[in-house]
Amino acid sequence: GAVVSQHPSWVICKSGTSVKIECRSLDFQATTMFWYRQFPKQSLMLMATSNEGSKATYEQGVEKDKFLINHASLTLSTLTVTSAHPEDSSFYICSARGTSTYEQYFGPGTRLTVT
Amino acid sequence: AQSVSQHNHHVILSEAASLELGCNYSYGGTVNLFWYVQYPGQHLQLLLKYFSGDPLVKGIKGFEAEFIKSKFSFNLRKPSVQWSDTAEYFCAVNALGAGGFKTIFGAGTRLFVKA
């Protein structure tokens with residue numbers, strides 16, 4: 001089956017620094033990737049949708065200057081949390097969709113803790 | 001904008017009891033529907049999906065769901081739950097929105113099965 005990986009799986013950073021999270025589709029080409037965040041005991045909230053080679057589409061209320069998304073290739077998307085603050089601490093999950101299916105494949109998630 | 005409602009936030013059942021988790025969505029166009037499960041400490045796993053055809057779909061681990069278009073519902077069922085079904089269950093709807101097709105999740109239902 002289709003596999004999506006994320007790196008790192010867990011990151012701790014100091015307030016004010018930036019953190020980059022990678023999302024890779026390992027065995028298929030992902031024309032579209034999605035970034036979600038999940039707070040403890042809550043659902044997944046869609047942050048943005050990115051298509052390879054074009055700018056990401058952000059959901060209402062998501063700061064595009066704070067959460068920079070780059071989808072430079074068909075197998076890699078990155079989320080950079082800039083000037084991170086403790087309230088950005090969350091579980092970030094990416095998912096990827098190939099060219100011929102509506103099904104999304106989810107990565108294992110990245111737990112970000114900002115101190 | 002599309003939305004997904006899961007009516008039960010917490011459900012507690014004894015082993016062998018039957019399960020039904022409600023899911024309703026609001027979107028007038030064509031939708032693809034999913035149920036995901038998240039076991040404690042693990043990432044999302046697909047239970048089942050509906051794209052078209054028979055509205056009664058069967059998934060893994062004995063789960064099934066029925067799509068009722070007139071009610072905008074996609075309820076999840078299992079005739080006899082097991083302790084190992086303790087997890088959080090998310091209903092998700094994939095539909096066309098701004099920026100293309102995207103998947104929106106319900107708030108989740110936390111199921112606890114007593115041994």
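Please read all numbers here as calculations on a predicted model, not as lab measurements. (Residues numbered from 1 in each chain as written. Chains lettered and ligands numbered in written order. Predicted model: local features only at pLDDT ≥ 70, side-chain atom pairs only at ≥ 80, totals over all residues. Heavy atoms only, no water.)

Draft legend 1. Fine view of the state of the cysteines. Residue and element names in this part refer to chain A. Here the structure, examined in full by the defined rule, presents 2 disulfides over all chains. Between the sulfur atoms of Cys23 and its disulfide partner Cys94 the distance amounts to 2.0 Å. Measuring handedness by torsion sign, the sulfur bridge of Cys23 and Cys94 sits at about 75° and is right-handed. Highlighted residues: Cys23 in strand E3 (residues 19-25) and Cys94 in strand E9 (residues 90-97), separated in sequence by 71 residues. Across this residue pair, the class does not change: Cys23 and Cys94 are buried. This cysteine, Cys13, is not joined by any disulfide, and Cys94 carries the nearest cysteine sulfur, 18 Å off. A residue is classified by how much of its surface remains accessible, and Cys13, at 8% relative accessible area, is buried. (Disulfide = S-S within 2.5 Å. Helix = DSSP H or I, 4+ residues; strand = E, 2+ residues; numbered from the N terminus. Buried < 20%, exposed > 50% of the residue type's maximum accessible area, 1.4 Å probe, protein only.)

Draft legend 2. Summary view of the pairing of strand E9 (residues 73-78) of chain B. All names here are of chain B. Taking burial as the measure, the 6 residues of E9 include 5 buried ones, the bulk of the element. In the sheet, strand E3 (residues 19-21) pairs with E9 via 3 bridges, with the strands oriented antiparallel. Residue pairing across strands places Glu20 opposite Arg77, the latter belonging to E9. As defined by bridge partners, strand E8 (residues 64-68) adjoins E9 across 5 bridges and the pair is classed as antiparallel. Residue pairing across strands places Phe67 opposite Phe74, the latter belonging to E9. Taking the residues between adjacent antiparallel strands as the criterion, E8 and E9 are bridged by 4 residues, where Phe72 takes a positive phi near 50°. (Pairing = 2+ DSSP bridges.)

Draft legend 3. Spatial organisation of the nonpolar core. If you look at the biggest cluster of nonpolar residues, it comprises 43 residues, and the most contacted ones within it are Trp35(B), Leu48(B), Phe74(B), Leu76(B), Tyr89(B) and Phe105(B). Top contributing element to this core by residue count: strand E10 (residues 87-97) of chain B, with 7 residues. Ignoring sequence-local partners within four residues, the contact set of Leu76(B) consists of Leu19(B), Glu20(B), Leu21(B), Trp35(B), Leu47(B), Leu48(B), Phe63(B), Glu64(B), Ala65(B) and Tyr89(B). Val11(A), Met47(A), Ala48(A) and Ala96(A) belong to the second largest nonpolar core, which has 25 residues in total. (Core = buried A, V, L, I, M, F, W, Y, C linked by side-chain atoms within 4.5 Å. Contact = heavy atoms within 4.5 Å.)

Draft legend 4. Up close: the interface of chain B and chain A. Chain B puts 21 residues into the contact, and the matching count from chain A is 20 residues. Counting the surface lost from both chain B and chain A, the interface buries some 1700 Å², and carbon and sulfur atoms represent 54% of this. With a shortest N-O distance of 2.8 Å, Lys102(B) and Glu59(A) are connected by a salt bridge. One can count 5 residue pairs in polar contact (both at pLDDT 80 or more) joining chain B with chain A. Those elements that provide at least two residues to the side of chain B that touches chain A are strand E5 (32-38), strand E6 (45-50), E10 and strand E11 (100-105) of chain B. Considering every element that reaches the side of chain B that touches chain A, the biggest residue donor is E11(B), with 5 residues. In terms of residue class, the side of chain B that touches chain A is made up of 11 nonpolar, 7 polar and 3 charged. (Buried area = accessible area lost by both parts, 1.4 Å probe. Salt bridge = Lys/Arg side-chain N within 4 Å of Asp/Glu carboxyl O. Polar contact = N/O pair within 3.5 Å; in protein donor to acceptor, adjacent residues only side chain to side chain. Nonpolar A, V, L, I, M, F, W, Y, C, P; charged D, E, K, R; others polar.)

Draft legend 5. Molecular detail of the packing of aromatic side chains. All told, the structure shown has 13 aromatic pairs over all chains when counted by the stated rule. With 5.8 Å between their ring centres and 45° between their planes, Tyr36(A) and Phe106(A) make a pair best called tilted. Of this pair, Tyr36(A) sits in strand E4 (residues 32-38) while Phe106(A) sits in strand E10 (residues 105-106), placing them 70 residues apart in sequence. The pair formed by Tyr36(A) and Phe106(A) is uniform in burial state, with each residue classed as buried. Geometrically, the ring pair formed by Tyr25(B) and Phe72(B) is edge-to-face, given 5.5 Å between the ring centres and 70° between the ring planes. Linking Tyr25(B) in strand E4 (residues 24-26) with Phe72(B) in the loop between E8 and E9, this pair joins segments that are 47 residues apart in sequence. (Phe/Tyr/Trp six-rings, centres within 6.5 Å; stacked < 30°, edge-to-face > 60°.)

Draft legend 6. Focus on the environment of Ala72(A). Residue and element names in this part refer to chain A. Following the sequence through the fold, Ala72 ends up in strand E7 (residues 67-73). By relative accessible area, Ala72 is classed as exposed at 57%. For the pair Ala72 and Ala30, spaced 42 residues apart in the sequence, the C-alpha separation amounts to 11 Å.

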